[in-house]
Amino acid sequence: MITILAGGTGSVKLVRGLVSQEHDVNVISNVGDNYWLYGMYVCPDIDTIVYGLADLLDYERGWGIKKDTFNFLRQMEVFGEETWFRIGDRDAATHLIRTNMLKNGKNLSDITKWMCEKFAVGAKVIPVTDNSVETRIITDKGELHLQEYWVKYRGKDKVEGIQYIGADKARPNPEAINAIHDADMVILAPGNPLTSIGPMLQIKGVRKELSKMKKRVVAVSPLIGNKAFSGPAAQYMEAAGIEVNAYGLAKMYSDVCSNIVIDSKDKLLTKKIQNLDMHVYETKIAMKNKMAEDALGSFLLKQVRV
Ligand code: FO1
């Protein structure tokens, strides 16, 4: 049984690559970038994983449903609402039904389970907590929700720090803790280390369980050299004072993980990472198509020994 801690866009490809060869996969999902909009609760990382596994994800954008239409959003614009966060029509149905279920007393875990059933997703998608954790970006112009920083203002303000509101009090989802505890291998997906994986590591129970299991935990780098495959990982790492490369990532994860997969192009960093008492595996980590997703999934399952 494999458990992967995942964000959205940067993580979904590896999740698919694993699910295509291993039937017993648990995905622990980040909730730090969840966002309330027009009275709807949007959970981008959960939805990206569910849509990705249901083969509905718009792969070009990395979020939302492929071939979705935007009539609802256009009407919101007519009503004078801000429409910088592009909710598609079919995607809106997901957020609406989720919000309704929350209002009727269901928790996010049960709703996500129900959604996996509706979308015929075999893997278990487990929100890391049912409590609220909100990732906020501190910029030179003030503090913003992650979605506002990245989508509304297009990531152009200088990042000075990151905060995870509620993480210190959040109760880890017991199913997530069990999925870590019982796994043959736990993978930290190549998502943004500070805003996709980071919020989950801030939850004490999760961090503790991972440190206990450290020998079986494998991180997959989201960087080649000092560049991330997608999103603002490099800006966030720099702001947090972390060296922007696979070594900085390894150091950041070193108390919760003993293994890391880096790109072969980064092999000059291998020795330095090994000095952190970590096993280093080198391979091609870019996942440009389905074949590359499967190849990395298979590498993890067959070549990485934990
Ligand atoms: N990202 C964007 O860059 N622009 C958008 O308009 C946008 C809308 C959106 C709607 C639903 C959803 O689930 C995700 C959406 N995202 C959008 C992605 C999201 O902002 C982030 O990439 C994730 O939160 C990071 O994993």
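In case you missed it, the structure is sitting above this.
Calculation notes
- Residues numbered from 1 in each chain as written.
- Predicted model: local features only at pLDDT ≥ 70, side-chain atom pairs only at ≥ 80, totals over all residues.
- Heavy atoms only, no water.
- Pairing = 2+ DSSP bridges.
- Helix = DSSP H or I, 4+ residues; strand = E, 2+ residues; numbered from the N terminus.
- Axes fitted to C-alpha atoms, helices over the stretch in contact; angles between N-to-C directions.
- Contact = heavy atoms within 4.5 Å.
- Core = buried A, V, L, I, M, F, W, Y, C linked by side-chain atoms within 4.5 Å.
- Buried < 20%, exposed > 50% of the residue type's maximum accessible area, 1.4 Å probe, protein only.

Observations concerning the sheet that holds strand β6 (residues 134-139)
The antiparallel open sheet is built from 3 strands, whose spatial order is β7-β6-β8. The sheet is open, and its two edges are formed by β7 (142-145) and β8 (159-165), each paired on a single side. The sheet shows a mean angle of 25° between the axes of neighbouring strands, taken without regard to direction. Set on the sheet, helix α8 (residues 193-201) makes contact with β6 and β8; between it and β8 the angle comes to about 30°.

Points about the nonpolar core
Leu-188, Leu-210, Tyr-253, Val-261 and Ile-273 are the most contacted members of the largest nonpolar core, which has 89 residues in total. No other element matches the 6 residues that helix α11 (residues 246-253) contributes to this core. Leave out the neighbours within four places in its chain, and Leu-188 touches Leu-5, Ile-197, Leu-210, Val-217, Val-218, Ala-219, Val-220, Tyr-253, Val-256 and Cys-257. One finds Tyr-35, Leu-37, Val-42 and Phe-85 within the second-largest nonpolar core, a separate group that totals 9 residues.

Let's talk about the pairing of strand β9 (residues 185-188)
Neither face of β9 is open: one carries Met-185 and Ile-187, the other Val-186 and Leu-188, and all of them are buried. Pairing of strand β1 (residues 2-6) with β9, which is carried by 4 bridges, proceeds in the parallel orientation. In the sheet register, Leu-5 faces β9, and the bridge partner there is Leu-188.

Observations regarding unusual backbone geometry
Here Tyr-38, not a glycine, exhibits a phi torsion of approximately 50°, which is positive. Along the chain, Tyr-38 falls in the loop between β3 (35-37) and β4 (40-42). A residue is classified by how much of its surface remains accessible, and Tyr-38, at 23% relative accessible area, is partly exposed. A positive phi angle is found at Asp-55, which is not glycine, with a value near 60°. Within the element layout of this structure, Asp-55 appears in the loop between α2 (44-53) and α3 (71-78).

Function-wise, these values are silent; they only describe arrangement.
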